[in-house]
Amino acid sequence: MITQLSEHALISGLSWLAIGIVYLVWLTRGFRRPTPEMSFTQEQAVIVAAEQSSEAAK
Amino acid sequence: MLLTALSYARLARIYPVSGSAYFYARRNLGSAAGFLVGWAILLDYLFLPMVAWLAQSILLNAQFPAVPIWLWMLINAGLTTAINVIGIALADRLNRLLLAVSTFLVLLFFAYCIRFLAGNPVASYSAPFWNSNSTVAGISAAAAIAAYSFLGFDAVTTLAEETKDAARNIPRAIIWIVSIGGVIFFVVAYVMQLVHPGDIFDDAQAASYAMSVQVGGQFFADWTNLAGIIAGSASCLAVQLSSSRLLFIMGRDGVLPRRLFGKLNGRTRTPVFCVLVTGGMRFLGMDMPLETATGFINFGAFTAFTAVNLCVIVYYLRNYATGQLSAVRFVVMPLVAPS
């Protein structure tokens, strides 16, 4: 279905993704720092935190 | 769409925890890919309130042509922004009330259509499916726009933690939501096509208003339109609320600048800056056709859906050795779903 999008939406959307890549590289200082977690809900934030602490314990 | 929903259902069974496309992508495709999926979803959340206000303003303009669309945009967006700044309790209460009103209105409109059909002979019962004007390209393009109606079914996965026996009930709920929603859209659209065959309207963007006049008369149309517009504010309120909340959470997580986005106002306990940013999106949409605006949302949605389907395949490949997963359900269906 992605091929059915209007040219306008596709170009803007891909530009948005390109900005996202540049922003990610900047946020992680060229992937030297960990990628920040996005938690779309409160519960996800808890799960992510639990995972990170269990990884740190290993 | 149903196939994408099945992919969601499959993953919700595997991870019986709250989640969405981003969460699935981060777990299965890695943190950088997950970030980009989240970034694409962010575009949706930024444009969703704008589309809601725009649709609302087009309807208001059809009813009161003296006030131009851009001014209605300012009024609508100003009101919902103010309510969302004041607080979540007020927004939630208004939202429930308005949702009940709009459900009632759909039923009423449907009843009037049936009454109209009883008194007027129908030209063709099959024409709504296929007629001399139908083209494959036209139908595919329409399907991409219609998919907008299905956005949001994934929100149910965020309730996983509060659900009894989530591993069983969440996937069921997703399938039920898509099926019930699909049946409602289909039946209403079919009846509307019987009443008014084809796609020729004086003003296609305000087609439902013209049809209300046709089936129920001017008086019925004016009142239901007005009530419908007021009820429609419910979706404006709700989408702005969830968009602002997402920006706030991203600010708190350090994805967006924390000092601006990650703060609650001390008095109202609402993320005022985030609400204002989503409110500011209205200025982008002042002169935008509705189709362009929904196109942006479809981009983000399809990126997310594609990622979900990809996750299912990756999960299958990683767990191939166990030999317990069905190749048709985990590989073929996700591959077919986005096309």
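Residues numbered from 1 in each chain as written. Chains lettered and ligands numbered in written order. Predicted model: local features only at pLDDT ≥ 70, side-chain atom pairs only at ≥ 80, totals over all residues. Heavy atoms only, no water.

The name an unreviewed UniProt entry gives chain B is Amino acid permease family protein, with Rhodococcus opacus as the organism. Reading the Subcellular location (unreviewed entry) entry of the UniProt record for chain B gives the comment "Membrane". (UniProt positions renumbered as here; feature names shortened; annotations may be inferred.)

K.L.:
Report on the overall build of chain A, specifying residues and quantitative values.
P.N.:
A tally of helices and strands in chain A yields two helices and zero strands. Summed over its atoms, the accessible surface of chain A is roughly 3,700 Å², and 65% of this surface lies on carbon and sulfur atoms. (Helix = DSSP H or I, 4+ residues; strand = E, 2+ residues; numbered from the N terminus. Areas by Shrake-Rupley, 256 points an atom, 1.4 Å probe, with all protein chains shown as cover.)

K.L.:
I'd like a description of the UniProt feature "transmembrane region" (unreviewed entry) in chain B, backed by residues and values.
P.N.:
Residues and elements named next belong to chain B. UniProt marks residues 32-55, 67-90, 97-118, 138-161, 173-192, 226-248, 268-284 and 296-317 with the feature "transmembrane region" (unreviewed entry), using the numbering shown here. Secondary structure across residues 97-118 divides into 100% helix and 0% strand, with the first and last C-alpha atoms of the span separated by 32 Å. Within residues 296-317, the helical portion is 100% and the strand portion 0%, while the C-alpha atoms at the span's ends are 32 Å from each other.

K.L.:
So what about the nonpolar core? Which residues, and what values?
P.N.:
Ranked by internal contacts, the top residues of the largest apolar core, which has 50 residues, are Phe35(B), Trp39(B), Leu42(B), Phe47(B), Leu247(B) and Met250(B). Counting only elements with at least two residues in this core, the list comes to helix H1 (7-27) of chain A together with helix H2 (21-29), helix H3 (31-63), helix H4 (69-86), helix H8 (207-252) and helix H11 (290-318) of chain B. In terms of residue count, H3(B) provides more of this core than any other element does, 16 residues in total. Counting ten residues, the second-largest nonpolar core is a separate cluster that includes Cys113(B), Leu117(B), Val195(B) and Phe220(B). (Core = buried A, V, L, I, M, F, W, Y, C linked by side-chain atoms within 4.5 Å. Buried < 20%, exposed > 50% of the residue type's maximum accessible area, 1.4 Å probe, protein only.)

K.L.:
An account of the packing of H3(B) against H4(B) is needed here, citing residue identities and associated values.
P.N.:
Residue and element names in this part refer to chain B. Between H3 and H4, the least distance of the axes is 8 Å, while the angle of their chain directions is 130°. Comparing their axes, H4 and H3 come out oblique. As H3 runs across H4, the sense of the crossing is right-handed. On H4, the residues touching Met50, Trp53, Leu54, Gln56, Ser57, Ile58, Leu60 and Asn61 of H3 are Ile69, Trp72, Met73, Asn76, Ala77, Thr80 and Thr81. A class-by-class count of the residues in the contact of H3 with H4 yields nine nonpolar, six polar and no charged. (Axes fitted to C-alpha atoms, helices over the stretch in contact; angles between N-to-C directions. Parallel < 35°, antiparallel > 145°, perpendicular 65-115°, else oblique. Left-handed = near helix turned anticlockwise from the far one by under 90°. Contact = heavy atoms within 4.5 Å. Nonpolar A, V, L, I, M, F, W, Y, C, P; charged D, E, K, R; others polar.)

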